[in-house]
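# Working through the structure, step by step
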Amino acid sequence: MAHNIIVGQSGGPTSVINSSLAGVFATAKELGAGKIYGMRNGIEGLLEERYIDMTEYIKNSMDVEILKRTPSSFLGSCRFKLPTAEKSPETYEKIIAVLRKLDIQHFFYIGGNDSMDTIKQLSEYAKAKNITDITFMGVPKTIDNDLALTDHTPGFGSAAKYIGASTKEVIRDAQGLTYKKSMITIMEIMGRNAGWLTGATALARTEDCDGPDLIYLPEVPFDIDKFLVKVKDLLKKKSSVVIAVSEGIRLADGRYVCELGSSGDYVDAFGHKQLAGTATYLANFLAAECGCKTRAVELSTLQRSASHMASRVDIDEAFMVGGAAVKAADEGDTGKMIVIDRVSDDPYMAKTGIYDVHRIANEEKVVPRNWMNKDASYVTKDFVDYISPLIQGDYQPIMVNGLPRHLVLNLKKKR
Ligand code: F6P
């Protein structure tokens, strides 16, 4: 691989998206790539000709190690929907012109299902225009774990590990203060339409912890009346009730529960409404109905950038998929995404595979109904067994003065 490559990061941050970037970078170097460029803020930045030469920032193996342990997107991310080539041919002409200017032969995009649409469209355009000397490869990433055809996505294991640990801590905290008085805690977990992360709260059910009392995923309509009956029943038996809900739970009529409260109207480029306020709404509702103290806990962005709690399996796999994408591109693959195939559970082993990105872009893999209990108020043992191997091990952050050190661009000491 004597040619130049470019890599970008897109969509929501994770604890390990930079580990995939490190995998692309290290493998490209190993294979003898020429220049290794990074897009600033994904395709949106590339369209504005914003990019860096990554070798100016990642100079040695220590930098690679710190990058692997740095959360969020080192290069900056974007939520940018590429218009179709029919609607905006000039967008594609511009992208190809920038790639030609930099003499790029391989283009890599690390992202989720919306970002894979970018790879799909670019590879289709290249094919239509007979551009055979630039390849386009997708590298999977999303805490939501909702990408099709891959056993799981890099980013999910670390978020699940943080969520499992935080759930134990929330339960512990609440138990300390519920002597002779009741309290209900509602935890709100990210994941939009897929309940993988909310279900990960069940990891807290261990020999030293009962785990949450109820878990509600977005895959099944939420019945607020039945919910209230269940909570009242639990309050008769215990003083601290902890409930996990997905940010994306909806009523049978399709309305998000967060819309019943005072959630904002922000909608991103993909038409996704910002979901927040579900736990606050339910906590207020239960306070009024049950007459006891309630508390809403939104894990919010903490769950996707908690690299101090990242899973070793996740960091290693994120690195592995980045490297596999480079090798595949070097062998001539284009318009594809690397996937993770689970080889065995015990011992846990996984390897990479590869699929046409058309089968992945814009698809959403949700939690199967048979991994929830009968009334969809908890997840099953199969669900927990699926996640368990993905949260194992850790990488200690590189600590400086008591805090994790991160690798960042343009560090300016403005005080
Ligand atoms: O991309 C994944 C995700 O973390 C979702 O779980 C969540 O709904 C969304 O991002 C939030 O995105 P933003 O930070 O852009 O509001």
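Structural notes, computed from the coordinates.

## Some points on the overall build of the protein chain
- Per the secondary structure count, the protein chain includes 11 helices and 13 strands.
- Relative to its length of 415 residues, the protein chain is compact, with a C-alpha radius of gyration of 22 Å against a globular reference of 22 Å.
- Dimensions along the principal axes, computed over C-alpha positions, put the protein chain at roughly 70 × 50 × 50 Å.
- The long-range fraction of contacts in the protein chain, counting pairs at least 24 apart against all pairs at least 6 apart in sequence, stands at 75%.
- Entry remark: accessible area of the protein chain is about 18000 Å², with carbon and sulfur atoms responsible for 49%.
- Across the protein chain, the centroid of the 51 positively charged side chains sits 5 Å from that of the 53 negatively charged ones.

## With respect to the pattern of salt bridges
- Inspection of every chain in the model, using the stated rule, returns 18 salt bridges.
- K94 serves as the salt-bridge partner of E49, at 3.0 Å between the closest nitrogen and oxygen. Pair noted here: E49 is in the loop between α2 (42-47) and β3 (51-53) and K94 is in helix α4 (residues 89-101), with a separation of 45 residues, a long-range link.
- Judged by its relative accessible area of 32%, E49 is partly exposed.
- On the accessibility criterion, K94 (30% relative accessible area) is partly exposed.

## Let's talk about the site of the ligand
- Taken together, the residues surrounding the ligand are G12, R79, I143, D144, M190, G191, R192, E247 and R304.
- E247 places a side-chain nitrogen or oxygen 2.5 Å from an oxygen atom of the ligand.
- A distance of 2.7 Å is found between an oxygen atom of the ligand and a side-chain nitrogen or oxygen belonging to R304.
- Calculation on the ligand without its partners gives an accessible area of 400 Å², and the protein chains cover 80% of this total.
- Across the shell around the ligand, the residue classes tally to two nonpolar, two polar and five charged.

## Some remarks on the environment of E65
- Locating E65 in the fold gives a position in helix α3 (residues 61-68).
- Taking C-alpha positions, E65 is 9.3 Å from L407, a pair spaced 342 residues apart along the chain.

## Quick word on the state of the cysteines
- What the rule picks out here adds up to zero disulfides.
- Cysteine C292 remains unbridged, with the sulfur of C290 as its closest cysteine sulfur at 5.4 Å.
- C292 gets classed as buried once you look at its relative accessible area, which sits at 14%.

## Focus on the sheet that holds strand β8 (residues 240-246)
- The strand order β7-β8-β6-β9 describes an open sheet built from four strands, whose pairing is parallel. Looking at the sheet topology across the chains shown, the edges are occupied by β7 (214-216) and β9 (293-298). Going across the sheet, the axis of each strand differs from the next one's by a mean of 15 degrees, ignoring polarity.
- Summarising the sheet, strand β6 (residues 183-189) and β8 pair through seven bridges and their orientation is parallel.

## Quick look at the sheet that holds β3
- Judged by pairing direction, the sheet is mixed, and its seven strands sit side by side in the order β3-β2-β1-β4-β5-β10-β11 without closing on themselves. Lying at the two open borders of the sheet, with one neighbouring strand each, are β3 and β11 (348-356). Averaged over all adjacent pairs, the angle separating strand axes in this sheet is 25 degrees, with direction ignored.
- Examined bridge by bridge, strand β2 (residues 36-39) and β3 share three bridges and lie antiparallel to one another. Considered in β3, the bridge of Y37 is made with D53.

## Let's talk about unusual backbone geometry
- Following D346, the chain continues into P347 via a peptide bond in cis, with omega recorded as 0 degrees.
- Take P347: it is sitting in the loop between β10 (336-345) and β11.
- Residues other than glycine seldom take positive phi values, yet L149 does so here, at roughly 70 degrees.
- Owing to a relative accessible area of 31%, L149 belongs among the partly exposed residues under this scheme.
- Of note in this structure, R192 is not a glycine but carries a positive phi near 50 degrees.
- You can call R192 buried: its relative accessible area is 18%.

## As for the packing of helix α1 (residues 17-30) against helix α10 (residues 312-330)
- At a minimum axis distance of 7 Å, the contact between α1 and α10 shows a crossing angle of 40 degrees. Here α1 lies oblique to α10, going by the angle between them. Read as a crossing pair, α1 and α10 show a hand that is right-handed. Where α1 abuts α10, its residues S19, S20, A22, G23, V24, A26, T27 and A28 lie against I315, A318, F319, V321, G322, G323, V326 and K327.

## Section: the side chain of T185
- Relative to the helices and strands, T185 resides in strand β6.
- The class of T185 is buried, set by a relative accessible area of 2%.
- When neighbours within four sequence positions are excluded, T185 is seen to be in contact with V170, A174, V241, V242, I243, R295 and V297.

## Details of the nonpolar core
- Counting residues in each nonpolar core, the largest one holds 72 residues, and the members touching the most others are M54, F74, F108 and I387.
- Those residues in contact with M54 that sit more than four places away from it in its chain are V7, L21, F25, I36, Y37, G38 and L75.

Rules behind the numbers
- Residues numbered from 1 in each chain as written.
- Predicted model: local features only at pLDDT ≥ 70, side-chain atom pairs only at ≥ 80, totals over all residues.
- Heavy atoms only, no water.
- Helix = DSSP H or I, 4+ residues; strand = E, 2+ residues; numbered from the N terminus.
- Rg over C-alpha atoms; globule rule 2.2 N^0.38 Å.
- Contact = heavy atoms within 4.5 Å.
- Areas by Shrake-Rupley, 256 points an atom, 1.4 Å probe, with all protein chains shown as cover.
- Lys, Arg positive; Asp, Glu negative; His and termini not counted.
- Charge placed at Lys NZ, Arg CZ, Asp CG, Glu CD.
- Salt bridge = Lys/Arg side-chain N within 4 Å of Asp/Glu carboxyl O.
- Buried < 20%, exposed > 50% of the residue type's maximum accessible area, 1.4 Å probe, protein only.
- Near = heavy atom within 4 Å.
- Polar contact = N/O pair within 3.5 Å; in protein donor to acceptor, adjacent residues only side chain to side chain.
- Nonpolar A, V, L, I, M, F, W, Y, C, P; charged D, E, K, R; others polar.
- Disulfide = S-S within 2.5 Å.
- Pairing = 2+ DSSP bridges.
- Axes fitted to C-alpha atoms, helices over the stretch in contact; angles between N-to-C directions.
- Parallel < 35°, antiparallel > 145°, perpendicular 65-115°, else oblique.
- Left-handed = near helix turned anticlockwise from the far one by under 90°.
- Core = buried A, V, L, I, M, F, W, Y, C linked by side-chain atoms within 4.5 Å.

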